[in-house]
Amino acid sequence: QNILQYGSYRCNVFTTCTLTLAHPHDLPRNPDTWQHLARPNERRRKKSRSKSGKQTAQEVASPRNIVDITPRRFDGMPTIMGDFRRVARTCSNVRGPSNEPPRSCIAKGGNNLSEEVPSIETLFKPLRETSSLVLECLPPGMIEGVVKSAIALRDEKASSVASERPLEDLEDFIMRRASSADRSLCDVSGGHSSRLSTPLALGTISPRQVYHVTRRCQERLEDPSKVDWIISHLEMRDYFLFDCFREGKNAFRLEPKPAHQRARIEWRPLAESRDEFLRWCSGRTGLPMVDAGMREMIATGYASNRVRQNMASVLTKDLNLDWRLGADWFQFLLEDHCVAANWGNWAYFSGVGGDPKSRHFRTASQANRYDPDGKYVMRWVEELSKAADVEDVIRPWSRLEGWEAIIKNPDESQLTWQDKLKVENDGRVS
């Protein structure tokens, strides 16, 4: 079962999986088990049985030393994140980190690793020399600006000393900052984020290492529950990874999952909305938090989760543009890009993924709540850097002459009903 035949060669095959928190072998292997563990209190009809009396639900078997992550392996996996997490917690004890493979298991010859790793300039040369529009509407000059930002960021990091103790740094964060971190802010610098997304995406640290370091630290904390969010985020990340395994190429479809109870979304074609998409991509929508996030992402390859969600909401819920355009653009920009996490989150917050809720973020109200002093927006949106009143930063379309937003009457769509009342009564939300 564990023999790979390739031409006249035969070799033993051993694979491992450190990409995910839960090991694929520890998750259910048939739809009935998935369903029972996801909703244990639901009544179900008796399972059909074959003449021999055995249950007919097919169990997916795989060789002991080969990790199967094909779509068929995850048949029956819940589409809803909460159900998946319930199953994973029930049936999967987190394994310890995998040991480094012995040298005898590493193929000799193969790729010539002595060749120089290509630079950013080399990798982007074809893209910089083409006259074609990226994503059908983004001009070469805009792409050139992104590449120059990436080169500047690389040079800046090359001149600084990188930490050689990532696990010790993680432990320090958990013990000193994680309990009080406000992860919902627009600006999560200053110890409000673990910033694990990049090393996890690049594979320089594994989720199981993070899990076990966190558990050890919890034994020493006065209130261990205050850092549970770290493990919770690893579970959410697992959902998107396993969902991507299960969906395969379907994950990149406009409607990757059946509509079920939700109304079908009428997406606007790019041919009719190129200017709006271009403004969104360049951080010129006139919606301050969205523009700040896009400009930060272009300059640094990063933006907080809060800001990313608001950017996705505007593109898909306000402009009704194909969510895959946004996922593509994020894939080009993000330093911490992970295919499953990026595309899965985009589908999730666009209303076509495994989420029963419809989420529409009111960006002005969000800015008032998560950037209350306006400093994040003022840092990245130069036009507002010298604003005298934070209300000018939150709602510039109603305060500053000549300010135009991409959406007509932004107070109607970008404020919660409570904040609309504040504007009616007090003339401001801040």
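Above this note sits the structure.
Residues numbered from 1 in each chain as written. Predicted model: local features only at pLDDT ≥ 70, side-chain atom pairs only at ≥ 80, totals over all residues. Heavy atoms only, no water.

(A) Here's a closer look at helix α13 (residues 339-350). The terminal C-alpha atoms of α13 lie 16 Å apart, and with twelve residues this matches the ideal 16 Å at 1.5 Å per residue to within 8%. Summarising burial for α13: nine of the twelve residues are buried, a large majority. In this structure, the buried residues of α13 make contact with α2 (81-91), α8 (228-247), α9 (274-282), α11 (305-318) and α12 (323-333). Gly351 lies just past α13 and shows a positive phi near 95°. (Helix = DSSP H or I, 4+ residues; strand = E, 2+ residues; numbered from the N terminus. Expected span 1.5 Å × (residues − 1). Buried < 20%, exposed > 50% of the residue type's maximum accessible area, 1.4 Å probe, protein only. Contact = heavy atoms within 4.5 Å.)

(B) The nonpolar core, seen in detail. If you look at the biggest cluster of nonpolar residues, it comprises 58 residues, and the most contacted ones within it are Leu138, Phe277, Trp280, Met311 and Trp329. In contact with Leu138, other than residues within four places in its own chain, are Leu133, Ile143, Phe277, Leu278, Cys281 and Trp329. Counting residues in hydrophobic clusters, the runner-up holds 20 residues, among them Leu170, Leu200, Ile205 and Leu221. (Core = buried A, V, L, I, M, F, W, Y, C linked by side-chain atoms within 4.5 Å.)

(C) Representation of the side chain of Ser313 in the model. In this fold, Ser313 is placed in helix α11. We classify Ser313 as buried; its relative accessible area is 1%. Residues in contact with Ser313, not counting those within four places in the same chain, are Asp318, Arg359, His360 and Phe361.

(D) Structural detail: the side chain of Asp318. Mapped onto the fold, Asp318 is located in helix α11. Look at Asp318: it is buried, it has no salt bridge, and the nearest opposite charge is Arg362 at 6.3 Å. (Lys, Arg positive; Asp, Glu negative; His and termini not counted. Salt bridge = Lys/Arg side-chain N within 4 Å of Asp/Glu carboxyl O.)

(E) Quick peek at the packing of α8 against α13. Contact geometry for α8 and α13: axes closest at 9 Å, N-to-C directions at 90°. Taken together, the axes of α8 and α13 are roughly perpendicular relative to one another. From α8, Phe240, Leu241 and Cys244 reach across to α13, where they touch Ala340, Ala341, Gly344, Asn345 and Tyr348. In terms of residue class, the contact of α8 with α13 is built from six nonpolar, two polar and no charged. (Axes fitted to C-alpha atoms, helices over the stretch in contact; angles between N-to-C directions. Parallel < 35°, antiparallel > 145°, perpendicular 65-115°, else oblique. Nonpolar A, V, L, I, M, F, W, Y, C, P; charged D, E, K, R; others polar.)

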